[in-house]
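Chain by chain, the residues:
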Amino acid sequence: MLYPDSWYDPNVESLLVHARRNECLKKEALHFKSVSLNARQLCDLEMLLNRAYYPLDGYMCRTDYDSVLKACRLSDGSLWPLPICLGVDAETASGVSLGERVAIRDAEGFMLAVLTVEDVWKADLEAERIALWGDRPRTGGIDVSGIEGDRLWYLGGKLEGLSYPQHYDFVDMRLSPPDMQRLFSREKWGKVIGVQAGRPLHRADRAMLEEIASAHDARLLLSPLMIPSVYFSVDHFCLVRCLRAFAGLMPEHAVKLNLIPWFQRRMGRRGSLLRAIVNRNYGCSHMLLWDSGKMQSQNLQHSESFHAHMEWMAEMARLSGITPLREKCMTLDEASGKHTCSAKGCLCVNDHLAIVECLRAGEAVPDNLSYPEVLKELGRVHKPLSKQGFSLFFTGLSGAGKSTLAKILYVKLLELNGRPVTLLDGDIVRTNLSSELNFSKEHRELNVTRIGFVASEIVKNGGIAICAPIAPYPKSREEVRKMIEQYGGFIEIHVNTPLSVCEQRDCKGIYAKARAGIIKGMTGVDDPYAEPENPELRINTSEMTPDEAAREVMFFLATKNYIRGNA
Ligand code: ADP
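Residues numbered from 1 in each chain as written. Predicted model: local features only at pLDDT ≥ 70, side-chain atom pairs only at ≥ 80, totals over all residues. Heavy atoms only, no water.

Visitor: Quick rundown of helix H12 (residues 348–361)? Include the residues and the values.
Guide: Given a rise of 1.5 Å per residue, 14 residues ought to cover 20 Å, and the 20 Å separating the end C-alpha atoms of H12 matches this to within 8%. Just beyond H12, the residue with positive phi is Gly362, at close to 75°. (Helix = DSSP H or I, 4+ residues; strand = E, 2+ residues; numbered from the N terminus. Expected span 1.5 Å × (residues − 1).)

Laid out in structure tokens, this is it:
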């Protein structure tokens, strides 16, 4: 049984093996089976290897799994809220024997650790659900492998680490728990409050954090709350840069910024307790529990009241050696421009939402809400529509007028000279990007999603992508919409010129060939065109000139604020 005083051995080291053992394992691993980890599993592995999950020294075995689910304790009696096991599918599990060593790799196949398998068992999803949610109407297990429940098995056993998962970003801000502990003792930081932030912080947050820190005579360890799937997205970089700017505004000895490979588990009170233990292992004496906002509501809305959660956490504090502190509400005193804690005030997240709204509307953010240093970073991601990338996605029958309109708009948008413009016309794409594809349903879908991928990259980087494929099927159109909308605007324009008009135009002579049976699978003739149900615009080019049709699109862009002027 571990007690608060002996929670962390200051001499604890990572699970990375010595260089000679490393070489040896690499050679032996030639014959090992491999398990590749997803982004969330990589976080867990890193937390095991760097001892953020101390006292665990590998993936849990069945006895610990059962004991943790039932009693929130490891089988030796120490407090532990959630099983940390290696989730694998049934086939992998059945191919592994006890005592066998397995290579743990990242998605690229780089070997990070060797697991000596001590236990293999099928996940007990019902026991997991009860442990997490009791009789509350919520489903969801504990595993992060993404493997479906009835195919999910676990491997447990000791780990020998060869390398941490590779990070190339913010490498100077990735101290391990032992490094952090040493730094705190070197700099004589007594009490430390762990603050995991899932959003940028502003003036109200600073006032609140300073108030809490001074009330407890503590400093702050600030870390962004990671969302593994967005490690490569601008949001991750924006959040870290904003927090770095924020921390840079505070006195150096008051706050440290460190990236913890911790992601939000949405696993109620047991998830919070695991976060408490991780904070403690990084050397914190206290941790901040955000009262509301995205993080809080997602975590607890279906489970229990915040008050009950706090009470439970307070009890756990006694056992885990860390004290949870509740976020305070803040009010802004307009006269002095200062924020103070007050029962009738608002949660800081409201300021953040107001700031994002201002930035998106292209309005100036009031000085008393945030800092220019933070806004400079945040403003790179939250831009008004007139500064964001967008895609014009024309869809319709052959001969409907898509290419003609796309070319006119390409020129008109270049003339405005606001953002880089790329034309991904159906024929251009078929020649350059999808030359090996035919016109089968499968290949047509693939062609459209390829266009969508290229367009989404352009939009992500703030450009305008004009696409003009036939795109006859809803599935790939919806996929493209999803891909692009995460980065900017998606304007689907159904060019709904009637088939009879398209056929009459027959610019390329293909309708005549299709009617004569020379070509097969012609959209509108012997292959279907499923009309989009809710496009942003519909344009029937049989009723207007190309120039008029293009003006209609420009008018739409101007009224929706995608472009300024020259409507
Ligand atoms: P798609 O790219 O949809 O296959 P195209 O743009 O290649 O169609 O061909 C459409 C034909 O229709 C062109 O010859 C174009 O000049 C003619 N057309 C007539 N009126 C219009 C209009 N209002 N908008 C676009 N094209 C039009």
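Visitor: Which residues make up the site of the ligand, and what values go with them?
Guide: Taken together, 15 residues form the shell around the ligand, and within it Gly399, Lys402, Ser403, Thr404 and Met544 come nearest. The backbone of Gly399 places a nitrogen or oxygen atom 2.7 Å from an oxygen atom of the ligand. One of the backbone N or O atoms of Thr545 is found 3.3 Å from a nitrogen atom in the ligand. With the chains in place, 79% of the 560 Å² that the ligand exposes on its own is no longer accessible. Put simply, the ligand lies in the second largest pocket. Of all the elements, helix H14 (residues 402–416) adds the most residues to the shell around the ligand, at 3 residues. Residues belonging to the shell around the ligand are distributed by class as follows: 5 nonpolar, 7 polar and 3 charged. (Near = heavy atom within 4 Å. Polar contact = N/O pair within 3.5 Å; in protein donor to acceptor, adjacent residues only side chain to side chain. Areas by Shrake-Rupley, 256 points an atom, 1.4 Å probe, with all protein chains shown as cover. 1 Å grid on protein atoms, 1.4 Å probe; cavity = no way out; pocket = protein on both sides within 12 Å on 5 of 7 lines; lining within 4 Å. Sits in = over half its atoms within 2 Å of the grid points. Nonpolar A, V, L, I, M, F, W, Y, C, P; charged D, E, K, R; others polar.)

Visitor: Tell me what's going on with the domain arrangement of the chain, and back it up with residues and numbers.
Guide: According to the domain assignment, the chain contains domain 1 (19–161), domain 2 (171–379) and domain 3 (385–559). Placing a centre on the C-alpha atoms of domain 2 and another on those of domain 3 gives a separation of 45 Å. (Domains from an automatic or database assignment.)

Visitor: So what's going on with the nonpolar core? Which residues, and what values?
Guide: Within the largest apolar cluster, 68 residues are counted, with the highest numbers of intra-cluster contacts made by Leu45, Tyr53, Tyr59, Trp80, Leu86, Ile104 and Leu159. Domain assignment of the residues forming this core places at least three in each of domain 1 (19–161) and domain 2 (171–379). Ignoring any residue separated from it by four or fewer positions in sequence, one finds Tyr59 in contact with Leu37, Leu45, Leu48, Ile84, Cys85, Leu86, Leu115, Leu155, Gly156, Gly157 and Leu159. Counting residues in each nonpolar core, the second largest holds 43 residues, with Val195, Cys238, Leu243 and Val255 among its members. (Core = buried A, V, L, I, M, F, W, Y, C linked by side-chain atoms within 4.5 Å. Buried < 20%, exposed > 50% of the residue type's maximum accessible area, 1.4 Å probe, protein only. Contact = heavy atoms within 4.5 Å.)

Visitor: Tell me about the sheet that holds strand E16 (residues 464–468), residues and numbers included.
Guide: Strands pair in a sheet through their backbones, by hydrogen bonds, and they do so in one of two ways: parallel or antiparallel. Strand order in the open sheet made by the 5 strands is E15-E16-E14-E17-E18, with parallel pairing throughout. At either end of the open sheet lies a strand with only one pairing partner, and these are strand E15 (421–425) and strand E18 (537–539). Neighbour-to-neighbour, the strand axes of the sheet open up by a mean angle of 15°, direction not taken into account. In terms of strand pairing, E15 meets E16 through 5 bridges, oriented parallel. Bridged to Val421 within E16 is Ile464. Seen against the sheet, helix H20 (residues 546–559) touches strand E14 (390–395), strand E17 (489–495) and E18 and runs at an angle of roughly 170° to E18. (Pairing = 2+ DSSP bridges. Axes fitted to C-alpha atoms, helices over the stretch in contact; angles between N-to-C directions.)

Visitor: I'd like to hear about the sheet that holds strand E10 (residues 286–289), residue by residue, with values.
Guide: Pairing is parallel in the open sheet, where 5 strands are placed in the order E9-E8-E7-E10-E11. The sheet terminates laterally at strand E9 (255–257) and strand E11 (323–326), the two strands that pair on one side only. Each adjacent strand pair in this sheet contributes to an overall mean axis angle of 25°, direction not counted. On the sheet, helix H9 (residues 268–281) packs against strand E7 (191–197) and E10 and is oriented at approximately 145° with respect to E10.

Visitor: Before we move on, could you go through the pairing of E7 and cite the residues and values that matter?
Guide: Within E7, 6 of the 7 residues are buried, leaving the element largely enclosed by the surrounding structure. Pairing of E7 with strand E8 (residues 218–224), which is carried by 7 bridges, proceeds in the parallel orientation. When the sheet's bridge partners are listed, Lys191 is paired in E8 with Ala218. Relative to E10, E7 is paired through 2 bridges, and the arrangement is parallel.

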